[in-house]
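Below, each chain spelled out in residue letters.
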Amino acid sequence: LSVVVPEEKRSKTVQELYTSEVLYVSNLKDMIEGFIVPLREKNIIPSSAVSGIFSNVETIFKFHDEFFLPQLKREITVWSDNSLIGDIFLSLAPCFKLYTQYCSNYDKSIGQVQQHKKSTPEFQ
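Residues numbered from 1 in each chain as written. Predicted model: local features only at pLDDT ≥ 70, side-chain atom pairs only at ≥ 80, totals over all residues. Heavy atoms only, no water.

Let's shift gears to the overall build of the chain. Along its length, the chain carries six helices and zero strands. Order of helices (α) and strands (β) in the chain, N terminus to C terminus: α-α-α-α-α-α. Here the C-alpha radius of gyration of the chain, 19 Å, is well above what a compact globule of 124 residues would show, namely 14 Å. Counting only residues that meet the buried cut, the chain has 29% of its 124 residues in that class. Within the chain, contacts between residues at least 6 apart in sequence are counted, and of these 70% link residues at least 24 apart. In the chain, which carries 13 positive and 15 negative side-chain charges, the distance between the mean positions of the two groups comes to 5 Å. (Helix = DSSP H or I, 4+ residues; strand = E, 2+ residues; numbered from the N terminus. Rg over C-alpha atoms; globule rule 2.2 N^0.38 Å. Buried < 20%, exposed > 50% of the residue type's maximum accessible area, 1.4 Å probe, protein only. Contact = heavy atoms within 4.5 Å. Lys, Arg positive; Asp, Glu negative; His and termini not counted. Charge placed at Lys NZ, Arg CZ, Asp CG, Glu CD.)

Here it is, written out as structure tokens:
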């Protein structure tokens, strides 16, 4: 049984947040490069359908890749017991509203996926 001091727990929590964010950004990039770009380039389904299915994923990726992750990384690299990350969330809070559009579009997106799976063999 080990005892974790609060500063250590804080550091581990922030490191886990950073690690998760790196993975999330990587997964978004993979989705864009592996699905969105090929669907557009090969014209498998109309461009409007690609946009309908993936909503604003590219904008979300750009926000995380160019703003949130770099700020988090900058803070992590100079982390100390007095470091704070709440200010990052507060300064970027309006940008997290990007998820409102994404979540609002979810049911419509799933419907479009089902429709194109039935009507477009290349989409499968």
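Where helix α2 (residues 47-54) meets helix α6 (residues 106-119), the closest approach of the two axes is 7 Å, and the angle between their N-to-C directions is 135°. By the angle between their axes, α2 is oblique relative to α6. Here α2 runs over α6; the crossing is left-handed. Each of A49, G52 and I53 in α2 lies in contact with α6, whose residues at this interface are S109, Q112, V113 and H116. (Axes fitted to C-alpha atoms, helices over the stretch in contact; angles between N-to-C directions. Parallel < 35°, antiparallel > 145°, perpendicular 65-115°, else oblique. Left-handed = near helix turned anticlockwise from the far one by under 90°.)

A few words on the nonpolar core. Taken as a class, soluble globular proteins show a tendency for nonpolar side chains to be buried jointly. Residues I45 and F54 are the most contacted members of the largest nonpolar core, which totals 24 residues. Listing elements by their share of this core, those giving two or more residues are α1 (6-41), α2, α3 (57-77) and α4 (86-92). A per-element tally of this core places α3 first, with eight residues. Apart from the residues lying within four places of it in its own chain, the contact partners of F54 are M31, F35, I36, L39 and Y102. (Core = buried A, V, L, I, M, F, W, Y, C linked by side-chain atoms within 4.5 Å.)

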